[in-house]
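# Topology and contacts: notes
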Amino acid sequence: MTGMPIRVAIIGSGPSGFYAADHLLKQESPEISIDMYERLPTPFGLVRGGVAPDHAKIKSVTKLYSRIAQRDRFRYFGNVEFGTDVCRADLSRHYHGIIYAVGAQTDRRLNIPGEDLRNSYAATEFVGWYNGHPDYRHYNFDLSGIRRVAVIGVGNVAMDVARILARTVDELYETDIADYALDALANSHVEEIYVLGRRGPAQAAFSTPEIKELGELADADIVVAREEATLDELSSRQLRESGDRSATRNVKTLQAYVERGITGKSRRIVMRFLVSPTDILGDRRVEAMRMVKNELYLDGRGSLRPRATDQYETLPVDMVFRSVGYHGVPLPDVPFYDAWGTIPNDCGRVLTQHESGEFLIGNYVVGWIKRGPSGIIGTNKPDAVESTKRFLEDLDRGRVLNPVDSSDAAVLALVESRVPAYVTFEDWERLDAIETQRGADCGRSRIKFTSVDDMLLALGKDEPIFNAGD
Ligand code: NAP
């Protein structure tokens with residue numbers, strides 16, 4: 001149709017979606033209109049539901065995303081689920097391009113015996129729960145009978161989980177942690193948190209500020225055994241030759257903790273290296289974890305990999321969190337490469353199959369569902385720009401979708417017909433104001449809505465309930 005605006009749908013409202021919107025909205029010619037679809041009423045993806053509540057500075061990036069959302073030609077359709085409320089065929093009738101920015105919504109498993117015992121969880125479940133994510137609010141993390149917890153993996157999510165478990169309620173009170181999580185943590189009897197790396201300190205995935213933060217907690221000591229903080233010959237050599245400054249700083253930080261020792265605080269975070277869990281043990285619920293000691297070897301690609309030795313140990317623990325990475329979830333009618341948990345793509349252009357070379361015209365991908373669950377929030381900016389540039393090139397060459405009607409009104413009619421209780425960005429700002437006010441009333445940064453029903457009720461968008469006699 002001539003005279004119709006160029007329109008792009010972005011599925012997902014996390015960082016990568018907003019960076020993609022930003023880049024497209026900045027184009028002067030042609031001007032591009034953006035509609036962002038989000039399954040939840042609330043925007044910002046993992047910044048709201050994943051970033052730890054005590055990391056307020058990281059969360060403040062939402063101010064930038066709100067400014068992007070204020071621009072002309074941007075609309076937000078919250079509470080609208082791709083694949084359920086609107087599908088790819090619907091969107092292809094109204095958009096020149098569809099950008100998937102849905103992140104990686106599930107966890108990776110360890111595939112060891114006992115993983116499904118009671119009190120064995122994915123870190124992502126705990127994170128979603130303490131952040132008040134509607135999908136996880138029903139979990140019941142009763143920490144009142146728990147003394148020892150194991151966190152498997154040494155990435156930044158493991159750092160978040162260990163830190164939240166180790167913090168005092170006073171440290172967490174002012175944050176936006178879900179109020180039920182604050183209550184559960186107030187009743188926690190956790191004393192020891194073991195954080196378990198399958199490789200050595202030089203290969204740990206956490207970043208230096210995160211490991212340093214564990215040494216600054218009000219009432220928790222960090223414990224590192226000297227023999228595990230001391231590098232083996234292969235690691236020493238690799239660190240020297242690679243000049244990896246981040247890994248060097250991590251190792252120095254851990255070695256400083258060895259020297260500091262225990263200072264008598266109520267809780268202890270015990271960092272362990274070169275151990276892999278082999279079994280989670282217990283009669284219905286977690287009672288212990290069996291681990292094997294690893295050694296490192298150089299694989300054919302120059303990486304130091306863990307290899308099990310014949311030395312085992314059993315660690316008594318009451319709760320286990322596996323924190324070994326996220327995994328993407330397929331979207332209906334969108335190609336998916338299960339081995340990597342990503343939408344197959346070439347620099348952001350969706351492929352019909354992994355390494356097929358054939359493009360799904362007009363479909364693009366950004367963020368974790370494009371590259372896998374790696375990097376920090378800022379990594380999503382260049383990632384999103386790469387994909388949106390591919391869209392602009394394709395637009396230039398006429399190799400995008402050919403919508404029947406890309407007008408504002410046509411899209412609105414579609415959304416209104418499917419989800420009358422859709423949520424606009426102005427609606428979200430109202431929710432935001434209510435949450436912030438509820439927090440201010442009791443000295444907290446915000447008190448979150450944690451159920452979709454409550455959010456819609458607060459917005460006056462709840463389904464009317466009719467009595468049979470009405
Ligand atoms: P991650 O950084 O990929 O770390 C995963 C950890 O799990 C690694 O230590 C990995 O060890 C270990 N692991 C994997 N498979 C394992 C197995 N079978 N047995 C034992 N250990 C295993 O993942 P993440 O912590 O989920 O974080 C995801 C992304 O979000 C990362 O890029 C992270 O930096 C980012 N993030 C950032 C922040 C922040 O900036 N504050 C906060 C949270 C998350 P190997 O290295 O040996 O594979």
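Residues numbered from 1 in each chain as written. Predicted model: local features only at pLDDT ≥ 70, side-chain atom pairs only at ≥ 80, totals over all residues. Heavy atoms only, no water.

### A few points about the site of the ligand
Surveying the vicinity of the ligand reveals 23 residues, the closest of which are N156, R198, R199, E210 and G375. Within the side chain of R199, an N or O atom sits 2.8 Å from an oxygen atom of the ligand. In isolation the ligand exposes 900 Å². Once the protein is present, 81% of that is buried. Ranked by residue count, the leading element in the shell around the ligand is helix α7 (residues 156-166), at three residues. Each residue belonging to the shell around the ligand can be placed in one class, and the counts come to 11 nonpolar, seven polar and five charged. Residues from two domains meet in the shell around the ligand; each of domain 1 (6-105 + 328-458) and domain 2 (106-326) gives at least three. (Near = heavy atom within 4 Å. Polar contact = N/O pair within 3.5 Å; in protein donor to acceptor, adjacent residues only side chain to side chain. Areas by Shrake-Rupley, 256 points an atom, 1.4 Å probe, with all protein chains shown as cover. Helix = DSSP H or I, 4+ residues; strand = E, 2+ residues; numbered from the N terminus. Nonpolar A, V, L, I, M, F, W, Y, C, P; charged D, E, K, R; others polar. Domains from an automatic or database assignment.)

### Some points on the pattern of salt bridges
Side-chain pairing between opposite charges can occur once the charged atoms of the two side chains come close. One pass over the structure, following the stated rule, counts 43 salt bridges. When the shortest N-O distance is used, the salt bridge between E435 and R48 registers 2.7 Å. With a gap of 387 residues between them, E435 in helix α17 (residues 425-440) and R48 in helix α2 (residues 45-49) connect regions that are remote in the sequence. Overall, the relative accessible area of 0% leaves E435 in the buried class. Residue R48 is classed as buried on the basis of its relative accessible area of 12%. Residues R397 and D394 are paired through a salt bridge, measuring 3.0 Å at the closest nitrogen-oxygen approach. When its relative accessible area of 4% is taken as the criterion, D394 is described as buried. Through salt bridges with shared partners, a single ionic network connects D54, D160, R163, R167, E171 and E213. (Salt bridge = Lys/Arg side-chain N within 4 Å of Asp/Glu carboxyl O. Buried < 20%, exposed > 50% of the residue type's maximum accessible area, 1.4 Å probe, protein only.)

### Some thoughts on the pairing of strand β2 (residues 32-38)
Most of β2 is tucked away, with seven of its seven residues classed as buried. Burial along β2 is two-sided: I32, I34, M36 and E38 and S33, D35 and Y37, pointing in opposite directions, are all buried. Where strand β1 (residues 6-11) and β2 come together, six bridges link them in parallel fashion. Within the sheet, the bridge partner assigned to I6 lies in β2 and is I32. For the handedness criterion, the β-α-β arrangement of β1, helix α1 (residues 15-25) and β2 is classed as right-handed. Pairing between β2 and strand β3 (residues 74-78): five bridges, direction parallel. Looking at β3, one finds that E38 is bridged to G78. (Pairing = 2+ DSSP bridges. Right-handed = clockwise from strand over helix to strand, strands pointing away.)

### A look at the domain arrangement of the protein chain
Interface extent is often summarised as the accessible area lost during association of the parts. Domains assigned within the protein chain are domain 1 (6-105 + 328-458) and domain 2 (106-326). If you average the C-alpha positions of domain 1 and of domain 2, the two centres end up 32 Å apart. In total, about 2400 Å² of surface goes out of reach between domain 1 and domain 2, with carbon and sulfur atoms giving 50% of it. The largest contributions to the domain 1 side of the interface with domain 2 come from P53, R444 and T450, which together make up 28% of the buried area. Linking domain 1 with domain 2 are five salt bridges, by the criterion used here. Counting residues per element, the ones that place at least two in the side of domain 1 that touches domain 2 are α2 and α18 (452-458). With three residues, α2 is the single largest residue contributor to the side of domain 1 that touches domain 2. (Buried area = accessible area lost by both parts, 1.4 Å probe.)

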